[in-house]
Each structure stands twice: as C-alpha cells, then as structure tokens.
Amino acid sequence: MSKAKISPKLQMEVKARDNFTCRACGYGGNANHSDYLVCDHMQSEKNLGPTKAWNLQCLCIGCNLSKGSQNWTFDIRKKAVAEKVWAENKRDIRRFFAHKCDVAFLTHIK
Ligand SMILES: [Zn+2]
C-alpha cells in the first residue's frame, strides 16, 4: 500500500485547526508538540479516503499507530477541556494500549 504524501503545508493546516491536540487522547496543546502529532486519514487510504483537510485529523503518534488503517473519527478537542482531561486520559490511554487497542474501550475516554 502506498501512502499518499501529505504536504507540510496541509499538515500544518490540519494540526493548527485541531489545536495541535490529539483528537483521540488529548495529547498536545500547542505547536511545541507538533513533531509528535501526525495527520491521519479519518476514512483510511486503504478505503480510498482522500487526502483533503476535511478527511484528515490530528492524532498523536501512539494513537495513530493503534488506529492503523481503521476508519476511526474523533471530534476536534476544545483546548481547555483537553488540558483538563489529559492527565486522566494519559492513564486511560496506557490502559487502552494494554487492552490491545479494543475500540470499545475508547468509550471510557472523555
Ligand atoms: Zn493520542
């Protein structure tokens, strides 16, 4: 499977739109975290999801790895809320990984 190249400009656009915050776990918060965040296809490339801003979401490297080519879509996190729940989510995300990335487990994550 060939990965479509997301231009640096589009990557920055998507990360900024998503407040440099992982939509799944709330990691991040500002541009300093940019290197640990990736642009992920909500509808995966495997399922012919286009490389357009509306089909891209900001995820941290860890969440992106566990998502793989599945079609998971998360809402953009509000900055203040993300900061508040991150400490808790960090613990839950570790458990999420420990649970072999069971999607059902994500419902426990705020
Ligand atoms: Zn994450």
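All figures in this text were calculated on a predicted structure; none of them were measured in a lab.

What to know about the overall build of the chain
Argument step 1. Counting secondary structure elements, the chain contains three helices and two strands.
Argument step 2. Listing every helix and strand of the chain by position from the N terminus yields α-β-β-α-α.
Argument step 3. Counting all 110 residues of the chain, 30% fall into the buried class.
Argument step 4. In the chain, the proportion of contacts linking residues at least 24 apart, taken out of those at least 6 apart, comes to 60%.

A short note on the environment of G26
Argument step 1. Within the secondary structure layout, G26 lies in the loop between helix 1 (8-17) and strand 1 (37-41).
Argument step 2. As for G26 and C60, which are separated by 34 residues in sequence, their C-alpha atoms are 8.6 Å apart.

Things to note about unusual backbone geometry
Argument step 1. The backbone phi angle of N19 is positive, close to 60°, even though this residue is not glycine.
Argument step 2. Residue placement: N19 occurs in the loop between helix 1 and strand 1.
Argument step 3. Even without being glycine, F20 reaches a positive phi, approximately 50°.
Argument step 4. You can see F20 is positioned in the loop between helix 1 and strand 1.

Concerning the nonpolar core
Argument step 1. Counting residues in hydrophobic clusters, the biggest one holds 16 residues, and the most contacted among them are C22, L37, L59 and C60.
Argument step 2. For this core, the secondary-structure elements that each account for two or more residues are strand 1 and strand 2 (56-60).
Argument step 3. Examining the composition of this core, we find that four residues originate from one element, strand 2, more than from any other.
Argument step 4. Not counting the four nearest positions on each side in its chain, C22 is found in contact with Y27, G28, L37, C58, L59, C60 and C63.

Looking at the confidence of the model for the chain
Argument step 1. A residue-level look at the chain finds 67% of positions with pLDDT of 70 or above and a mean pLDDT of 80.
Argument step 2. For the chain, the element scoring lowest by mean pLDDT is helix 3 (residues 79-98), at 64; helix 1 scores highest, at 96.

Considering the pairing of strand 2
Argument step 1. Counting buried positions along strand 2 gives five out of five residues, so the element sits mostly inside the fold.
Argument step 2. In strand 2, alternate side chains face the same way, and those of L56, C58 and C60 on one face and Q57 and L59 on the other are all buried.
Argument step 3. With five bridges connecting them, strand 1 and strand 2 associate as antiparallel partners. What sits directly across from C39, in strand 2, is C58.

Quick notes on the rules
- Within every chain, residues take consecutive numbers counted from 1 along the sequence as written.
- Local features in this predicted model are restricted to residues whose pLDDT is 70 or higher, and side-chain atom pairs enter the listing and the counts only when it is 80 or higher, whereas totals over whole chains, interfaces and linings include all residues.
- Only DSSP runs of H or I covering at least 4 residues are called helices, and only runs of E covering at least 2 are called strands; the numbering of each starts at the N terminus.
- Any residue with 12 or fewer other C-beta atoms within 10 Å of its own C-beta is exposed, any with 20 or more is buried, and the rest are partly exposed; the C-beta atoms used are placed from the backbone.
- A pair of residues counts as a contact when their C-beta atoms, built from backbone coordinates, are separated by no more than 7 Å.
- Only buried residues count toward a nonpolar core: Ala, Val, Leu, Ile, Met, Phe, Trp, Tyr and Cys, linked into one set through C-beta atoms within 7 Å.
- How sure the predictor is of each residue is captured by pLDDT, a score from 0 to 100.
- Strands were regarded as paired on the criterion that DSSP finds at least two bridges between them.

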